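Summary of the model geometry
Here are the chains, one letter per residue:
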Amino acid sequence: MKPFKSWKTLVRKKNTSDGGKCGMKMTQLPFIAMAAVCIVMLFIVYKTTNYQYRHAQIEEKFLPFDSVEEPDVDFRKLYNLPRGIIQPKSDMELKPLWSRSKVDVVSHKNLLAMPVGINQKHNVDIVVQKFLAENFAVMLFHYDANLEGWWDLDWCGKAVHIVAQNQTKWWFAKRFLHPAVISIYDYIFLWDEDLGVENFNPRRYLRIVRSEGLEISQPALHPNSTGIHHRITVRSRSKIFHRRVYDNRGSTRCTNTSEGPPCTGFVEGMAPVFSRSAWYCAWHLIQNDLVHGWGMDMKLGYCAQGDRTRNVGIVDSEYVFHQGIRTLGGGGPPRENGKREKAIPGDPRVEIRRQSVWELQIFKKRWSKAMEEDKTWVDPFSGKGPELFRRKRKRVHHSNLRT
């Protein structure tokens, strides 16, 4: 049996017999191998990039988490119309009865919507003038059905007025602030009528909100405001804005490890400000039959288009004074000591509070039931972390593709 010879020995022998011609071929082999490896690597990169691109398209189509939602259009019901003529959006812009301009220009980029009553006319006048000066569209919800008493104000004809007797802010918002109707506005201010704006400027406020990426926000409350329920909403004199509060008092302890309301990711229902994308989500969160909106503020962080500890905040440098006037049910302003007179039996305010508490319990039950029944949903703020949430979303994407 002949001993095995190494490859190098055979090469040297072949090179000697061929006069060095094979040596030239052997020097070419490494280059050919490298070229083959490069081709394989380029193919892998191409396939990976193509997969990522297709996956991004799928996410944008089925779960546009960070994008502006387009109104749902069922073209099957519009088959007699050419698609180019279909306009699924609208706005709150007032149009003249005649105009020579052929270009439809939207002049307002943001919207102020408020429930108002004639008893708060003076304060509403101050608020609206500040926002109109910054080129806001204004929409007023008249819950006392008194519209005639406003026409002496110069700006009254520039606002959109909606009248419905004894209805709440959330009732109006659910019915008249549909995302398709107000999708042209960058930010929606859904405020109560009893806010003092002496220390508030809408333009400076939005500059901070944009620079910090706050999808949901509110101006801080003056420390002497009436009806402060959560410390996170109180103004901090040393900050421009804040996203969380530290508090060891009371039943709720807010520390560095707190990850949810009311310690972080929280605004209150009196003066919320939504980005367009956040409002698309918040509008769907509003329950059509629960008109007082109790409990919803604890869940608004789910509409923050991402991490609620980063995308929800309180602006301290532009703050308001909450007067705490209960208007629905005939409530009047607080007394000089900041307290209201006790309600007597049969007072409508007592029934309104009972209704609000009852609605809060209903909302909590609905949320719990929805969590239990939706098998594809994973709480993005649970202890399991966002990775499990992304896996669930991928499964939803793939199932949608198959259907």
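Quick caveat, the model's predicted, so the values are computed rather than measured. (Residues numbered from 1 in each chain as written. Predicted model: local features only at pLDDT ≥ 70, side-chain atom pairs only at ≥ 80, totals over all residues. Heavy atoms only, no water.)

Focus: the overall build of the chain
Check the secondary structure of the chain and you find nine helices and nine strands. Within the chain, the proportion of its 403 residues that are buried is 39%. When contacts within the chain are restricted to residue pairs at least 6 apart in sequence, those whose partners lie at least 24 apart make up 72%. Counting every atom, the chain has about 24,900 Å² of accessible surface; 55% of that belongs to carbon and sulfur. (Helix = DSSP H or I, 4+ residues; strand = E, 2+ residues; numbered from the N terminus. Buried < 20%, exposed > 50% of the residue type's maximum accessible area, 1.4 Å probe, protein only. Contact = heavy atoms within 4.5 Å. Areas by Shrake-Rupley, 256 points an atom, 1.4 Å probe, with all protein chains shown as cover.)

Examining the confidence of the model for the chain
Overall, the predicted model of the chain reaches an average pLDDT of 81, with 75% of residues at or above 70. In this model, residues 58–69 is a region of pLDDT below 50 whose contacts with residues beyond four sequence positions or in other chains number 21 contacts. Contacts for the low-pLDDT stretch residues 331–335, under 50 throughout, to residues beyond four places or in other chains number 15 contacts. (pLDDT = per-residue confidence, 0-100.)

Side note on the nonpolar core
Counting residues in each nonpolar core, the largest one holds 46 residues, and the members touching the most others are Met139, Leu177, Leu190 and Trp279. By residue number, the principal contributor to this core is helix H6 (residues 276–285), which donates five residues. (Core = buried A, V, L, I, M, F, W, Y, C linked by side-chain atoms within 4.5 Å.)

A short note on the state of the cysteines
Tallied over the full model, the rule gives two disulfides. Linked covalently through their sulfurs, Cys254 and Cys263 form a disulfide whose S-S length is 2.0 Å. Measuring handedness by torsion sign, the sulfur bridge of Cys254 and Cys263 sits at about -75 degrees and is left-handed. In terms of burial, Cys254 and Cys263 fall into one category: buried. Two residues share a disulfide in this structure: Cys281 and Cys303, whose sulfurs sit 2.1 Å from each other. Because the sign of the S-S torsion sets the handedness, a value of about -65 degrees for the bond joining Cys281 and Cys303 places this disulfide among the left-handed ones. Of this pair, Cys281 sits in helix H6 while Cys303 is found in the loop between H6 and helix H7 (308–311), placing the two residues 22 residues apart along the sequence. Along the chain, the cysteines that take part in disulfide bonds pair up as 1-2, 3-4, counted in sequence order. (Disulfide = S-S within 2.5 Å.)

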